Structures are given as structure tokens and as C-alpha cells.
Amino acid sequence: ATEKSLNFIEQIIENDLESGKYNGRVLTRFPPEPNGYLHIGHAKSICLNFGVAQKYGGQTNLRFDDTNPATEDTEYVESIKNDVQWLGFNWANEFYASDYFDQLYEFAKKLIRKGLAYVDDSTSEEMAAMKGTPVEPGINSPYRNRSIEENMALFEQMKNGAFAEGTHVLRAKIDMASTNMLMRDPIIYRIKFAKHHRTGDKWCIYPMYDFAHGQSDSIEGITHSICTLEFVPHRELYDWCIENLEIFPSKQYEFARLNLTYTVMSKRKLLQLVNEGHVSGWDDPRMPTISGLRRRGYTPEAIRDFCERIGVAKRDNLISVGLLEFCIREHLNKTADRVMAVLDPVKVVITNYPEGKSEILTTENNPEDPEGGTRNVPFSREIYIEKEDFLENPPKKYFRLAPGQMVRLKSAYIVRCDEVIKDENGEILELHCSYIENSKSGQDTSGISVKGTIHWVSIANAIEAEVRLYDRLFKVEDPSNEEGDFKEYINNDSLETITAYVEPSLKEATAGTKYQFLRKGYFCLDKESTTNKLVFNRTVGLKDTWAK
Ligand code: ATP
Ligand code: MG
Ligand code: MG
């Protein structure tokens, strides 16, 4: 086996362990904002944060980054915990940034006392005008040189609800000429009269991201704070706060976000798809959310494998959704039981098979799994096969059914097509076939060799099932990078619902079990399935379209 080379985060950790930087300790965190459901991009971050900690004997905290009261909800908190566990990870601690509000308030006062923060009464328009541009320095606010006492009193009044929203903010006093715009006296506290999902009405001032995230890392003693590239410009402020507050020196490292073809990944956009009814909910099987993928039939193993294969990039890129499909196919090929289902039926009558007779045949559950066992499938005179497995005028090398041509029925007999029965419009009604009696699979003495094997179901025994076939939710590779609104690029044919005929063993199908419908793809029971009406989702087709 070839030793996998370290990714750059692992390299940093190994260097830190070697130099004894954090006394050999590794503590990471996964910090979702509870304003939506987790998606496959979050899975990447989860696998990375939990993965490196596991690898180096460390731990990972789950921290809800819930400092923005307006958009957050406990429904999201529950779904996030469920998804992280489902992916196979256990956090050391469950924390909430909102639990640090008191501490963060004290931190803010410490900066004021050090002369490093001030209350600004400017409007947001005035502040924007004074901010300057990337090539021009900004202008100091007229409130910048308030005394420490005045700032302390005003900040306390802000906290006590004396001022209206938008009238006052607390700003860090750094450098209005910095080449990093985020260092030009960033706002660190704002007034917001909003009910918080955990702290209720206790606060009417809330810390900004840059005055909460690094501080939360530091409070928890996080050693390696891994985030995505858009936070690179924030790192200077992250370090400035930690240094000036004289608190535990957590360090921020950035990697490239995961972007997938034919997918949007921002929670804001996913929320729009849900709210505007383009999908049935956060767990619609077409959604790139963890809950959508789970309902679609993805396994945690496949998602983890995918995250491993894409590696940890330092530059933004667009990963083919075909790779994700490849990973689920790989896993299900090894683990899914094979069953027979006909999705687009044509009736076959086996004219020389006695009427009223039926027999039980045995078939293997999974040729990839020696311990997969066998099951029974009933066979009788009338069966369904796929329409596409019959051609009236077949090209050369078409090894399925055609007039006068023979094919094997999986785990059953060889049949020959004798007659095509049509209606007055020329539509095929049924095929009349004859079977070769001594050609039964496993005990075939017919001496006939046929090249094709097709699947089938016995009509008398088959169960009708609703089958949902999914296609990509978007028509273009990178919907977020197209002109206009991303919703103009929605694929209106992304869901096709059909009625299929499935073998009777599927009456016992259970949620969570994965099946390969022979020759048709991988399927699983949908949550809307009932004993009276089976509903299956197609996870993915069989054909690998992803070029390795
Ligand atoms: P979104 O843009 O979807 O709203 P976010 O970054 O605002 O994402 P958070 O809940 O703040 O969502 O994310 C939690 C963690 O997951 C963060 O560390 C974030 O960097 C990471 N993360 C989010 N999206 C991706 C992605 N596409 N690829 C990798 N990591 C991601
Ligand atoms: Mg975020
Ligand atoms: Mg976001």
C-alpha cells in the first residue's frame, strides 16, 4: 500500500505536535450556524475537523455559532446534531456561542478599557462613506477619540436598551488606513432587539462574527480552527483580538470550500428552494443536504469516502457530482441486495408453461457478498419484462429478446419470442414466448447458450410500487456562476414518478435497506412509503459516468 501524503492541515498539526506548541493537544471544532440544514459542503468540513482530531488523538467540539438571533432556530440545531452523528462522528462537547455572551461582553469592555474600542454614533451610511476603498485609506470617525469613561457608559447603555437599533455600534479601534478593509475599525457589537432562540430577550446587543468566533475558539482552547477560504481576510482580525484580549492563542487555517457541479450549496439559496416550493423540503432527495442525501439512499460510508477522495484543497474548485455518485455506487455495489423490479413493463405470456402453475425459484441476494444468502422468487406463466429488453427489429449484437430470438430470464429459464401481439394502432400488447423446460438456472441441461440475461417479475405475484427517478436539480454545471438568478437554471424534469412492478420479497422492505434493482440502479424505500403503497427512490443509476 502506498502511504497517503499528508494534507496541509495534517502537516501543520504534525509540526505543532513536534514543536510541542499546544503540549501535544489537538482540539478542533465544527461550528455550524443553526440557520439551515447541513449540506455536503458541511460534510467536508465535518470529516476534516473530526478526521484530523481522531488521527492525532485529539477531540472535536460541536459549537453552534448562534450569535445572530434573527435567522436561527432549534429545529436546525436538532437536525445538525442528527446529521453529524449519522455521518459517524461524536463530539467531545456540545457548545453554543450564545453561552459566551457574558464573557464576550466582558471582552468588549476589556478592549474599551485598553483604549481599543469605541462607541460610534454614525449611521451605517456615514460609516460606509468613511471606510475608504481598497486603494484609498478611510477617515477616522468623529467619535473615535471618546474617552474610556464615556465609551464604558455608552456601551452599558447600549446593553441596557437605551438606544434604538442602528443608532450606535461598538467598533474596535485599529487602523482606518489598513490595507485590509476588515481592520478599518470593524464593528464588533450592534444593537438588535430580537429574541434569541436560547437567550430569549436577555440581550439587545449582539457580537459580530469577528468578535465571537475567534473568542469562542479561544474560550474552548481550540488549537486548530479550520474554516473556508473566504475567512482569509478575517485572520488578521482574529489574531488581533486574541492578542489584545490576551487570551488562549487559537489559530485559524483556511481550506477551499467544496463546490459541486449541477448544485447550489449556500444555505440561503437552499432555503429559497425550500420556501418557494421548488423542492418538497430540506430533505427532498434532490437536495445536496445531508438529510436529502440520506433520504435519497446515500450512506455515511459513501459520503466519508467522497470527502476523503476530494482531499483538502487550498484553491477554490468545482468537484464533479459524478464523483459523489461514483462513491455511492462503489459502496452499494458491495452491500446492496439485488432484487428484480420492472420499471417500464411489457407483458410476456409463456404459452407452453401450464396455466395456473407457479413455482418458486432461488436467486442469490448479492454476487459481491459470499455471505449474502439467497431468496425465493415466484415464477409463472405471465411475467413482465422491461419494454426496452425487446426489439422488433434488433441491430446486430442485440442479445436481448427479439422475434425468434432467445434470452435467459434471470435465475429462471431460457425463453424464445414466438409472436408479437399488437393492438389496432400497432402498439405492442404482449409477447408470446415459449420456454425451454430443461434450461432452468443452476440445472440447465438444454445445451443452449444465450448471451443475454434479463430481469422479470411474475405478474400474479408482483407488487405495484411508486418509483421516483431523480435527475440533477440544475441544468447547468455551475448555476451560481451564471447570469441572472440561479433559479432560472432549475431543471424542471428533475423528478419523474412512475409505477413499477417489484418482486414480492419487497413487501418486507425496510427503511434504510438499500437495494439494487437488477440492471436498473440502486433504490431505497422513501419515508412516504406505507404497507399499502410502496414508494422507492432511485439513489443512482448503475452506469458510471464519471471518468476517473
Ligand atoms: P453557507 O454558505 O452554506 O451558509 P456557512 O459557511 O455560512 O455556509 P456555517 O453553518 O457557518 O455555514 O458552516 C459551518 C462550517 O462548515 C464552517 O466552518 C464552514 O466554513 C463550513 N462549510 C460551509 N460550507 C462549506 C463548503 N461548501 N465546503 C466546506 N466547508 C463548508
Ligand atoms: Mg458561517
Ligand atoms: Mg452562511
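What you see is a predicted model; the values in this text were computed from it and never measured.

It is not clear to me how the overall build of the protein should be interpreted in this structure. Could you clarify?
Regarding its fold elements, the protein presents twelve helices and 27 strands. Taken over C-alpha atoms, the radius of gyration comes to 31 Å for the protein, far larger than the 24 Å a tight globule of 548 residues would show. Overall, the C-alpha framework of the protein stretches about 100 × 55 × 40 Å when taken along its three principal axes. Considering only contacts within the protein whose residues lie at least 6 apart along the sequence, 70% involve residues at least 24 apart.

For this particular structure, what's the right way to read the site of ligand 1?
If you check the shell around ligand 1, you find 15 residues, and the closest are Pro32, Gly41, Ser45, Leu258 and Lys267. Of all the secondary-structure elements, those providing two or more residues to the shell around ligand 1 are helix H2 (40–55) and strand S8 (224–228). Looking at side-chain class alone, the shell around ligand 1 contains five nonpolar, five polar and five charged residues. Viewed by domain, the shell around ligand 1 spans two of them, domain 1 (8–255) and domain 2 (260–337 + 465–540), each represented by three or more residues.

Can you walk me through unusual backbone geometry in this structure?
For residues other than glycine, phi is negative in most cases, and the peptide bonds are mostly trans. Look at Tyr262: it is not a glycine, yet its phi comes out positive at around 60 degrees. Looking at the element boundaries, Tyr262 is found in the loop between strand S10 (258–260) and helix H9 (267–275). Look at Lys397: it is not a glycine, yet its phi comes out positive at around 65 degrees. With respect to the helices and strands, the residue Lys397 is situated in the loop between strand S17 (382–386) and strand S18 (406–409).

Looking at this structure, I do not really get the confidence of the model for the protein. What am I missing?
When pLDDT drops low, the exact placement of atoms in the prediction is not to be read closely. Put simply, the protein has an average pLDDT of 96, and 98% of its residues get 70 or more. Scored as a complex, the prediction yields pTM 0.94 and ipTM 0.96.

Which parts of the structure should I look at to understand the UniProt feature "binding site: L-glutamine" (unreviewed entry) in the protein?
The feature "binding site: L-glutamine" (unreviewed entry), as annotated in UniProt, sits at Asp65 and Tyr209 in this numbering. Despite a sequence span of 145 residues, these residues sit close together in the fold, their greatest C-alpha distance being 8.6 Å. Tracing the backbone through its elements, the reader meets Asp65 in the loop between strand S2 (59–64) and helix H3 (74–86). Those residues in contact with Asp65 that sit more than four places away from it in its chain are Pro31, Pro32, Glu33, Ala97 and His213.

I keep staring at the sheet that holds strand S24 (residues 495–502) and nothing clicks. Help me out?
Note on sheets: strands pair through backbone hydrogen bonds, and any given pair is parallel or antiparallel. One open sheet accounts for seven strands, arranged S12-S25-S26-S27-S23-S24-S13; its pairing is mixed. A single partner strand is all that each edge strand has here, and the edge strands are strand S12 (337–339) and strand S13 (341–342). As judged from the four bridges shared by strand S26 (residues 521–525) and strand S27 (residues 534–540), these two strands associate in the antiparallel manner. Among the inter-strand pairings, Leu525 is bridged to a residue of S27, identified as Phe536. Packing against the sheet, helix H12 (residues 321–335) makes contact with strand S25 (514–517), S26 and S27, and its axis sits at approximately 120 degrees to S27.

I would appreciate a short explanation of the environment of Gly57 in the present structure.
Mapped onto the fold, Gly57 is located in the loop between H2 and S2. Note: C-alpha distance between Gly57 and Gly200 (143 residues apart in sequence) is 38 Å.

Would you take a moment to explain the pairing of strand S20 (residues 428–435) for this structure?
Walk down a regular strand and you will see the side chains alternate between the two sheet faces. Where strand S14 (residues 345–350) and S20 come together, four bridges link them in parallel fashion. By the bridge assignment for S20, Ile350 is matched with Cys433. In the sheet, strand S19 (residues 414–422) pairs with S20 via seven bridges, with the strands oriented antiparallel. Bridge assignment links Glu419 to a residue of S20, and that residue is His432. Between the antiparallel neighbours S19 and S20 lie five residues, among them Gly426 with a positive phi of about 85 degrees.

I tried to follow the pairing of S24 on my own but got confused; where do I start?
For S13 and S24, the ladder comprises two bridges, and the chain directions are antiparallel. In the strand pairing of S24, Ala341 is matched with Val502.

Before we go on, may I ask you to explain the sheet that holds strand S4 (residues 117–120) in this structure?
Judged by pairing direction, the sheet is antiparallel, and its four strands sit side by side in the order S4-S5-S6-S7 without closing on themselves. The open sheet is flanked by S4 and strand S7 (205–207), the only strands paired with a single partner. Each neighbouring strand pair of the sheet contributes to a mean axis angle of 20 degrees, computed without reference to strand direction. Both strand S6 (residues 187–191) and S7 contribute to a ladder of three bridges, which runs antiparallel. Residue pairing across strands places Tyr189 opposite Pro207, the latter belonging to S7. Sitting on the sheet, helix H4 (residues 101–113) touches S4, strand S5 (169–172), S6 and S7, and the angle it makes with S4 is about 100 degrees.

Would you take a moment to explain the nonpolar core for this structure?
Core analysis: the biggest nonpolar cluster contains 100 residues, and Ala341, Val342, Ile385, Trp456, Val457 and Val502 have the highest contact counts within it. When residues of this core are assigned to their parent elements, the largest contribution, eight residues, is made by H2. Discounting chain neighbours no more than four positions away, the residues touching Ala341 are Val457, Ala500, Tyr501, Val502, Glu503, Phe517 and Lys520. Ala108, Val119, Met158 and Ala172 belong to the second-largest nonpolar core, a separate cluster that totals 31 residues.

Help me out: how do you make sense of helix H1 (residues 8–19) in this one?
An α-helical segment advances 3.6 residues per turn. Residues three or four places apart therefore align on the same side. The first and last C-alpha atoms of H1 sit 17 Å apart over twelve residues, in line with the 16 Å expected at 1.5 Å per residue. Phi for Gly20, located one or two positions after H1, is positive at around 70 degrees.

Would you mind showing me how to read the domain arrangement of the protein here?
Where interface size is quoted, it is often the accessible area lost as the parts come together. Under the domain assignment used here, the protein contains domain 1 (8–255), domain 2 (260–337 + 465–540) and domain 3 (341–455). Computed over C-alpha atoms only, the centres of domain 1 and domain 3 are separated by 65 Å.

Which parts of the structure should I look at to understand the environment of Asp316?
Mapped onto the secondary structure, Asp316 falls in the loop between helix H11 (300–310) and strand S11 (317–319). Distance from Asp316 to Thr263, taken between C-alpha atoms, is 15 Å for residues 53 residues apart in sequence. Setting aside anything within four residues of it in sequence, one finds Asp316 in contact with Leu229, Ala256, Arg257 and Asn259.

What should I look at first to understand the packing of H11 against H12 in this one?
For any two helices packed against each other, one specifies the crossing angle of their axes together with the interaxial distance. At a minimum axis separation of 8 Å, H11 and H12 run at an interaxial angle of 135 degrees. By the criterion of interaxial angle, the relationship of H11 to H12 is oblique. Relative to H12, the crossing made by H11 is right-handed. Of the residues in H12, those touching H11 at Glu301, Ala302, Asp305, Phe306 and Arg309 are Leu323, Leu324, Cys327, Ile328 and His331. In the contact of H11 with H12, the residues fall into six nonpolar, one polar and three charged.

Rules of the game
- Residues numbered from 1 in each chain as written.
- Chains lettered and ligands numbered in written order.
- Predicted model: local features only at pLDDT ≥ 70, side-chain atom pairs only at ≥ 80, totals over all residues.
- Helix = DSSP H or I, 4+ residues; strand = E, 2+ residues; numbered from the N terminus.
- Rg over C-alpha atoms; globule rule 2.2 N^0.38 Å.
- Contact = placed C-beta atoms within 7 Å.
- Near = placed C-beta within 6 Å.
- Nonpolar A, V, L, I, M, F, W, Y, C, P; charged D, E, K, R; others polar.
- Domains from an automatic or database assignment.
- pLDDT = per-residue confidence, 0-100.
- UniProt positions renumbered as here; feature names shortened; annotations may be inferred.
- Pairing = 2+ DSSP bridges.
- Axes fitted to C-alpha atoms, helices over the stretch in contact; angles between N-to-C directions.
- Core = buried A, V, L, I, M, F, W, Y, C linked by C-beta atoms within 7 Å.
- Buried ≥ 20, exposed ≤ 12 C-beta atoms within 10 Å, placed from the backbone.
- Expected span 1.5 Å × (residues − 1).
- Parallel < 35°, antiparallel > 145°, perpendicular 65-115°, else oblique.
- Left-handed = near helix turned anticlockwise from the far one by under 90°.

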